[in-house]
Amino acid sequence: MVRYAFSPAPTPSVAIDGSEERFPIRRVFCVGRNYAAHAREMGKDPDREPPFFFTKPADAVCDAGGAVPYPPLTDDLHFEMELVVAIGTGGHDISVAHALEHVWGYSAGIDLTRRDLQAEAKEMGRPWDWAKGFDFSAPVAPLVPVARTGHPASGRIHLAVNGETRQDADLADQIWPVPDIISICSRSVRLAPGDLIFTGTPAGVGAVLPGDRLEGGIAGVTGISVTLAPRA
Ligand code: MN
């Protein structure tokens, strides 16, 4: 038995819809660009180049539904509404044909992004970590088991800020559907139970301010709401 020098931090976790149990989080992978219209709004030409990934710390995930602090070091905090895949069965070199067998469930998440730091990182050839991986940067709605969602390949994905719709697209617009994302990700890392994959955001991203209310949803999966609190 391992004896630690001090008590380890609690295991990060996220709520499960309709259950008292929580989903323990191992790692958080995020797809960089997965909707052509969003790629274009970020100044990129969307072709079917292989998707690229970045990560957030597991403890960047927080339960949606309440307030999330406006993070430090930014004046340009952006929302990115995304379908989140929760992995229940691990593996590596997973085939596209078998990828969905590894899914535990789905949810809606918001990939909060310090866009000003990201722009600076891109310009200077630096990593995206500080733009993407800050505390409370990944609010996620309670996960819904796959038995209730099926595997959503189409359906509306949308987000409103203070009641005004800002993102409104369809999962079918994803350049790389979920089975491809799981398969490709699993060629680089061994996926394990507890991994979350944020699958990219559609067009319409923009800045939010303390006090703003973000509300969205994914048809057939779940809704999500977050209110931005004053700076942490
Ligand atoms: Mn994103």
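Analysis parameters
- Residues numbered from 1 in each chain as written.
- Predicted model: local features only at pLDDT ≥ 70, side-chain atom pairs only at ≥ 80, totals over all residues.
- Heavy atoms only, no water.
- 1 Å grid on protein atoms, 1.4 Å probe; cavity = no way out; pocket = protein on both sides within 12 Å on 5 of 7 lines; lining within 4 Å.
- Points joined across faces, edges and corners; volume = space filled by probe spheres on them.
- Helix = DSSP H or I, 4+ residues; strand = E, 2+ residues; numbered from the N terminus.
- Phe/Tyr/Trp six-rings, centres within 6.5 Å; stacked < 30°, edge-to-face > 60°.
- Lys NZ or Arg CZ within 6 Å of the ring centre and 35° of its normal.
- Pairing = 2+ DSSP bridges.
- Donors = N, O, S within 2.8 Å, 3.2 Å for Na, K, Ca; no water.
- Buried < 20%, exposed > 50% of the residue type's maximum accessible area, 1.4 Å probe, protein only.
- Arc of directions from axis to C-beta.
- Contact = heavy atoms within 4.5 Å.
- Core = buried A, V, L, I, M, F, W, Y, C linked by side-chain atoms within 4.5 Å.

### Points about empty space enclosed by the protein
Over the atoms, a rolled probe matching the size of one water molecule traces out where space is still vacant. In this structure the tally under the stated criterion is 1 cavity of 30 Å³ or more. Of the voids in this model, the largest cavity is the one considered here, and its volume is about 80 Å³. Every residue lining the largest cavity is counted, 14 residues in all, and those nearest its centre are Gly32, His38, Glu80, Gln118 and Trp128. With 3 residues, the single largest contributor to the lining of the largest cavity is helix α2 (residues 115–124).

### Topic: the packing of aromatic side chains
Scanning the model with the defined rule gives 3 aromatic pairs in all. Pairing Phe52 with Trp128 gives two aromatic rings, centres 5.7 Å apart and planes at 85°, and the pair type is edge-to-face. Taken together, the residues Phe52 in the loop between α1 (36–41) and β4 (53–56) and Trp128 in the loop between α2 and α3 (129–132) connect sequence positions 76 residues apart. Residues Phe54 and Trp128 carry aromatic rings whose centres are separated by 5.6 Å and whose planes lie at 55° to one another, so their mutual orientation is tilted. Of this pair, Phe54 sits in strand β4 while Trp128 sits in the loop between α2 and α3, and the two are 74 residues apart along the sequence. The cationic tip of Lys56 hangs over the ring face of Phe134; the distance from NZ or CZ to the ring centre is 5.9 Å.

### A closer look at the sheet that holds strand β7 (residues 77–79)
Read from one edge to the other, the open sheet built from 3 strands follows the order β10-β7-β16, with strand pairing classed as antiparallel. At either margin of the open sheet sits one strand with a lone partner, and together these are β10 (113–114) and β16 (206–207).

### Concerning the coordination of the manganese ion
Taken together, the protein ligands of the manganese ion are Glu80 (OE), Glu82 (OE) and Asp111 (OD), with distances of 2.0 to 2.2 Å. In primary-sequence terms, the residues that donate to the manganese ion follow E-x1-E-x28-D. Remark: Asp111 occurs in the loop between β9 (103–110) and β10 and Glu82 occurs in strand β8 (residues 81–87); sequence separation between them is 29 residues. A residue is classified by how much of its surface remains accessible, and Glu82, at 1% relative accessible area, is buried.

### What about the pairing of β4?
Across the two faces of β4 the burial differs, with Phe54 and Lys56 buried and Phe53 and Thr55 not buried at all. Judged from the 4 bridges that link them, strand β3 (residues 28–31) and β4 form a sheet pairing that is antiparallel. Bridge pairing links Cys30 to Phe54 in β4.

### Things to note about α2
Considered for burial, the residues of α2 that qualify are Arg115, Leu117, Gln118 and Ala121. Take α2 and look down its axis: the buried residues cluster within an arc of 155°, on one side only. Tucked into the core, α2 has its buried residues touching β7, β10 and α3.

### A closer look at the nonpolar core
Core analysis: the largest hydrophobic core is formed by 43 residues, its most contacted members being Met81, Val85, Ile110, Ile182, Leu214 and Ile218. The element contributing the most residues to this core is helix α5 (residues 178–188), with 5 residues. If we skip the residues at most four places from it in the chain, Ile218 touches Met81, Glu82, Leu83, Ser107, Ala108, Arg156, Ile157 and Leu171. Membership of the second largest hydrophobic core comes to 18 residues, among which are Ala58, Val61, Ala86 and Ala138.

### Quick notes on the pairing of β9
The element β9 is extensively covered by neighbouring structure, given that 7 of its 8 residues are classed as buried. Two elements, β8 and β9, share 7 bridges in a ladder whose sense is antiparallel. Paired with Ile87 across the bridge in β9 is Val103. In the sheet, β9 pairs with strand β12 (residues 144–145) via 2 bridges, with the strands oriented antiparallel. Residue pairing for β12: Tyr106 is matched across the bridge by Val144.

### Looking at the side chain of Asp180
Residue placement: Asp180 occurs in helix α5. By relative accessible area, Asp180 is classed as buried at 17%. Contact partners of Asp180, with chain neighbours within four places excluded, come to Arg48 and Val96.

Read these as geometric descriptors, not functional statements.
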